[in-house]
Amino acid sequence: MPSEPLPQILCDARALTGRPPASVEVAWKLAESGRQLDANLVRLPPGERIATHTEPDLDVLVTVVAGSGTVDAPAADGPQDLTPGTVLWLPHGSTRSLTAGEEGIAYFTVHRRRPGMQIRPRPAATP
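Now for a description of the structure that goes with this document. Residue positions are counted from 1 within each chain, in the order its sequence is given. Predicted model: local features are reported for residues with pLDDT of at least 70 only, side-chain atom pairs are reported and counted for 80 or more only, and whole-chain, interface and lining totals are derived from all residues. Processing note: side-chain calculations cover all non-hydrogen atoms of the structure and skip hydrogens and water entirely.

It is worth spelling out the side chain of S97 at this point. Runs of E in the DSSP output that reach at least two residues are strands. Runs of H or I that reach at least four are helices, and both are numbered from the N terminus. Residue placement: S97 occurs in strand β7 (residues 95–112). Overall, the relative accessible area of 4% leaves S97 in the buried class. Here, residues are in contact when the closest pair of their heavy atoms is within 4.5 Å. Beyond its immediate stretch of four places on either side in the chain, S97 contacts R49, I50, A51, T52, T70, V71 and D72. When a residue's accessible area, from a 1.4 Å probe over protein chains only, is under 20% of the maximum for its type it is buried; when over 50% it is exposed; and in between it is partly exposed.

Relative to the elements of secondary structure, S94 occurs in the loop between β6 (87–90) and β7. Among the polar contacts listed, one links the side chain of S94 to the backbone oxygen of P91, at a separation of 2.7 Å. At a separation of 2.6 Å, a polar atom in the side chain of S94 contacts the side chain of R96. Once you skip the residues sitting within four places of it in the chain, S94 turns out to touch H53, T54 and E55. Polar contacts, as used here, are pairs of N or O atoms within 3.5 Å; protein pairs need one atom able to donate a hydrogen and one able to accept it. Residues neighboring in sequence count only if both atoms are side-chain atoms.

Right, let's get into the environment of D12. Here D12 is to be found in the segment before α1 (13–16). With 16 residues separating them in the primary sequence, D12 and W28 have C-alpha atoms 9.8 Å apart. Among the polar contacts made by the side chain of D12, one reaches the main-chain amide nitrogen of R14 at a distance of 3.0 Å.

Let us look at the nonpolar core. In terms of nonpolar packing, the biggest core is built from 13 residues, with L44, L82, I105 and Y107 touching the most fellow members. Elements that contribute at least two residues to this core include exactly β2 (37–44), β4 (60–72), β6 and β7. Those residues in contact with L82 that lie beyond four places of it in its chain are V64, G67, S68, G69, T70, V71, L88, L98 and I105. If you look at the next biggest cluster of nonpolar residues, it comprises six residues, including A13, W28, A39 and F108. Definition used in this section: a nonpolar core is a set of buried Ala, Val, Leu, Ile, Met, Phe, Trp, Tyr and Cys residues joined via side-chain atoms within 4.5 Å.

What follows deals with the pattern of salt bridges. Here, a salt bridge means any Lys or Arg side-chain nitrogen found within 4 Å of an Asp or Glu carboxyl oxygen. A complete count under the given rule lists three salt bridges for this structure. When the shortest N-O distance is used, the salt bridge between R35 and D38 registers 2.9 Å.

Moving on: the pairing of β4. The pairing of β4 with β6 spans four bridges and is antiparallel. Each bridged residue has a counterpart across the sheet, and for V60 the counterpart in β6 is L90. Note on pairing: two strands pair once DSSP finds at least 2 bridges between them. By the bridge criterion, ten bridges tie β4 to β7 in an arrangement that is antiparallel. Paired with D72 across the bridge in β7 is S97.

Let us now look at a nonpolar patch on the surface. Taken together, the side chains of L61, V87 and W89 make up a nonpolar region of the molecular surface, amounting to roughly 330 Å² of accessible area. Looking at V87, the relative accessible area reads 54%, which means it is exposed. Like-charged residues within 9 Å of one another, or nonpolar side chains (Val, Leu, Ile, Met, Phe, Trp, Tyr) within 5 Å, are grouped into patches, provided each residue has over 30% relative accessible area and no salt bridge. The accessible surface values rely on the Shrake-Rupley method and a 1.4 Å probe; as for residues, cover is taken only from the protein chains in view.

A few words now on the layout of surface pockets. Here a cavity denotes a set of grid points, spaced 1 Å apart and computed over the protein atoms alone, in which a 1.4 Å probe fits but from which it cannot get out, and a pocket denotes an open set meeting protein on both sides within 12 Å along at least five of seven lines; residues with an atom within 4 Å of a point are reported as lining. Grid points are joined across faces, edges and corners, and a volume is the space filled by probe spheres set on the points. Approximately 380 Å³ is the volume found for the largest pocket. Around the largest pocket, the lining comprises 19 residues; the ones closest to its centre are H53, V60, R96, Y107 and T109. Elements with a minimum of two residues in the lining of the largest pocket: β2, β3 (49–54), β4 and β7. Top contributing element to the lining of the largest pocket by residue count: β7, with six residues. Each residue gets one label: Ala, Val, Leu, Ile, Met, Phe, Trp, Tyr, Cys and Pro are nonpolar, Asp, Glu, Lys and Arg are charged, and the others, such as Gly, are polar. When the residues that make up the lining of the largest pocket are grouped by side-chain class, the tally is ten nonpolar, six polar and three charged.

Structure representation (structure tokens):
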């Protein structure tokens, strides 16, 4: 008989963000089976940048847990500051970049889980 799912403490963000990383890294990721969400703790060293890109399919929620930086969107009036405690919504279809500040930045991203790749038969050719 399957047991009821239980709440779980998964990580200590403070322990993972004690000092800036030497390079961009995913310090933690949600990997539990049966999950409906994907989540990552991303760390960028001082001045490092996530290049301008567009996520066409997924809304992403970002929560800054350490350090600082900026998020920039070409359609916006200018960069917006990111500091610990900032919660940022990146709607699907939005174009953005993120730059770490002088002490680097660490942030959680959370979004709906992408479906896994599937191998499907080719559609039948129509005459």
